[in-house]
Amino acid sequence: MAKSGVIGLDIGTTSVRAAEVVGGRGRQGGTLVRYGEVALPPGAVRDGEVADQPTVTAALKQLWAGAKFSTRQVNIGIGNQRVVVREMELPWMPLPQLKASLPFQVQEMLPMSTDEALLDFYPTGEVTTAAGRMVQGMLVAATKDTVRANVMAVESAGLRPQLVDLSPFALMRAVVHGEMAGRTVAVVDIGARITQVIIAAEGTPRFVRVLPSGGGNVTDAVAGALGCSAPDAEAIKREVGIGFAVPPERTAAAEAISNVVRPLVEAVRNTFVYYASNHPGAGIDMVVLTGGGSQLPGLGQYLASASRLAVSMADPLSILRVGKGLGIDPSRHATFPAMPLGLAYGVAA
Ligand SMILES: Nc1ncnc2c1ncn2[C@@H]1O[C@H](COP(=O)(O)OP(=O)(O)OP(=O)(O)O)[C@@H](O)[C@H]1O
Ligand SMILES: [Mg+2]
């Protein structure tokens, strides 16, 4: 048996997925030795939070029984609209002290009381200003409830969370590499119910936004417009896509798809515009897509023309070796889930 690796566990709306990576310091050159996923029924996870704990716990147990992971320690992610991420500058101090001082320094910036918040700070750089030496970085604030439900589901399955990371950071680690590490890249993960945008400049996170819409909302709109079942709406959605000519019997579906995708793409584009206006001279060079929702036919082209940026699909397996016997089809590489890999690259505190 191979030596035990680090496991990234993604609790998504539609499934739980875990990847075990061995070796390769951080992210480059490791080997994916085990991978598994188990589908979740609708309602088990809502907006990135576990809503039905017994169901998620049962799915996690099934996942562990099936994939034969070598450890029960896992890295998990958080990321939804209730997680606040802000770029900020604070007076320089050693990182442990700086983290300890956060409740006093950031109270007035948060939409929640610091008693209810889990606070963290990811330093990204340093500057000296008129006010003295400053640390630049990203403040992350999550309500304790958000994290608690997910940690409980994981622990009830007999697993031990060793790192709770911000999911957009995990996405960045999974897909920004090679030539992209020297550029400004926007990673957009379109899930079932949430779309996460992270902008990284030279491999450092600069901006995060989580939007409350995804592929599941598109399916709902098709089902509503046609009065059909969710599985039928899903199939029709994948066949019709966005931005293509459709036969008359598919006009209603195409319109329903567009009614959800158009505002979502607009919100993503606005995020890029907002970033560019706050970081003059450091515009976004390229966009990389992940998540099942990004596989909607035509969506990449649609976002490319709306944003006037080059858009491509992420290829998170390109920096990994894939263990023999995993049964992972190379043709699936481009759509392999990035999140569990990025969580596996997280470094435990
Ligand atoms: N080929 C495809 N064409 C269009 N949509 C697709 C395709 N494959 C998957 N999807 C959509 O992807 C979505 C699921 O994506 P993903 O697995 O990334 O979400 P999730 O991680 O479970 O959810 P979330 O991130 O919102 O919690 C579903 O809405 C599904 O309809
Ligand atoms: Mg997801």
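Right above here is the structure, for reference.
Because the structure is predicted, anything quoted here is derived from the model rather than measured.

## What about the overall build of the chain?
Then, number 1: Within the chain, the regular secondary structure consists of nine helices and 16 strands.
Then, number 2: Taking 349 residues into account, the globule formula puts the C-alpha radius of gyration at 20 Å, and the chain, at 20 Å, falls close to it.
Then, number 3: Viewed in the frame of its principal axes, the chain has a C-alpha envelope of about 65 × 50 × 40 Å.
Then, number 4: Per-residue burial for the chain yields a buried fraction of 50% across its 349 residues.

## A word on the sheet that holds strand E11 (residues 184-190)
Then, number 1: If you trace the five strands from one edge of the open sheet to the other, you get E13-E12-E11-E14-E15, paired in mixed fashion. The sheet terminates laterally at strand E13 (204-211) and strand E15 (310-313), the two strands that pair on one side only. The average undirected angle you get between the axes of adjacent strands in this sheet is 20 degrees.
Then, number 2: Both E11 and strand E12 (residues 195-201) contribute to a ladder of seven bridges, which runs antiparallel. What sits directly across from Val188, in E12, is Val197.
Then, number 3: Against the sheet, helix H4 (residues 167-175) contacts E11, E12, E13 and strand E14 (286-290), and its axis sits at roughly 60 degrees relative to E12.

## Regarding the packing of aromatic side chains
Then, number 1: Going through the model one piece at a time under the given rule, you end up with five aromatic pairs.
Then, number 2: Taking 4.7 Å as the distance between ring centres and 55 degrees as the angle between the ring planes, the aromatic pair formed by Tyr35 and Phe336 counts as tilted. Taken together, the residues Tyr35 in strand E3 (residues 31-39) and Phe336 in the loop between strand E16 (321-322) and helix H9 (338-344) connect sequence positions 301 residues apart.
Then, number 3: Assessed through its relative accessible area of 13%, Tyr35 is described here as buried.
Then, number 4: A residue is classified by how much of its surface remains accessible, and Phe336, at 3% relative accessible area, is buried.

## Focus: the pattern of salt bridges
Then, number 1: Applying the stated rule across the entire model yields 15 salt bridges.
Then, number 2: Notably, a salt bridge pairs Asp120 with Lys99, separated by 3.0 Å at the nearest N-O pair. Of this pair, Asp120 sits in strand E8 (residues 117-129) while Lys99 is found in helix H2 (residues 95-106), placing the two residues 21 residues apart along the sequence.
Then, number 3: The shortest N-O distance in the salt bridge between Glu179 and Arg183 comes to 2.8 Å.
Then, number 4: In this structure Arg183 comes out as partly exposed when scored by relative accessible area, which is 32%.
Then, number 5: Ionic contacts of the salt-bridge type, sharing partners, join the residues Glu179, Arg183 and Asp285 into one network.

## Concerning the packing of helix H6 (residues 230-240) against helix H7 (residues 251-278)
Then, number 1: Two numbers describe how H6 lies on H7: the axes approach to 10 Å, and their chain directions differ by 85 degrees. Here H6 is positioned roughly perpendicular relative to H7, judged by the angle of their axes. Residues Ile236, Lys237 and Val240 of H6 form the contact with H7, whose participating residues are Ala253, Ala254 and Ile257.
Then, number 2: Classifying every residue of the contact of H6 with H7 by side-chain character gives five nonpolar, no polar and one charged.

## Structural notes on the sheet that holds strand E7 (residues 84-91)
What holds strands together in a sheet is hydrogen bonding between their backbones, with the strands either parallel or antiparallel.
Then, number 1: Here three strands make up an open sheet; going across it, the order is E7-E9-E8 and the pairing antiparallel. The sheet is open, and its two edges are formed by E7 and E8, each paired on a single side. Geometrically, the sheet is characterised by an average inter-axis angle of 25 degrees between neighbouring strands, direction not taken into account.
Then, number 2: Pairing between E8 and strand E9 (residues 132-143): twelve bridges, direction antiparallel. Looking across to E9, one finds that Leu118 is bridged to Ala142.
Then, number 3: The strands touched by helix H3 (residues 144-156) are E8 and E9; relative to E9, the strand with the most contacts, the crossing angle is about 60 degrees.

About the thresholds
- Residues numbered from 1 in each chain as written.
- Chains lettered and ligands numbered in written order.
- Predicted model: local features only at pLDDT ≥ 70, side-chain atom pairs only at ≥ 80, totals over all residues.
- Heavy atoms only, no water.
- Helix = DSSP H or I, 4+ residues; strand = E, 2+ residues; numbered from the N terminus.
- Rg over C-alpha atoms; globule rule 2.2 N^0.38 Å.
- Buried < 20%, exposed > 50% of the residue type's maximum accessible area, 1.4 Å probe, protein only.
- Pairing = 2+ DSSP bridges.
- Axes fitted to C-alpha atoms, helices over the stretch in contact; angles between N-to-C directions.
- Contact = heavy atoms within 4.5 Å.
- Phe/Tyr/Trp six-rings, centres within 6.5 Å; stacked < 30°, edge-to-face > 60°.
- Salt bridge = Lys/Arg side-chain N within 4 Å of Asp/Glu carboxyl O.
- Parallel < 35°, antiparallel > 145°, perpendicular 65-115°, else oblique.
- Nonpolar A, V, L, I, M, F, W, Y, C, P; charged D, E, K, R; others polar.

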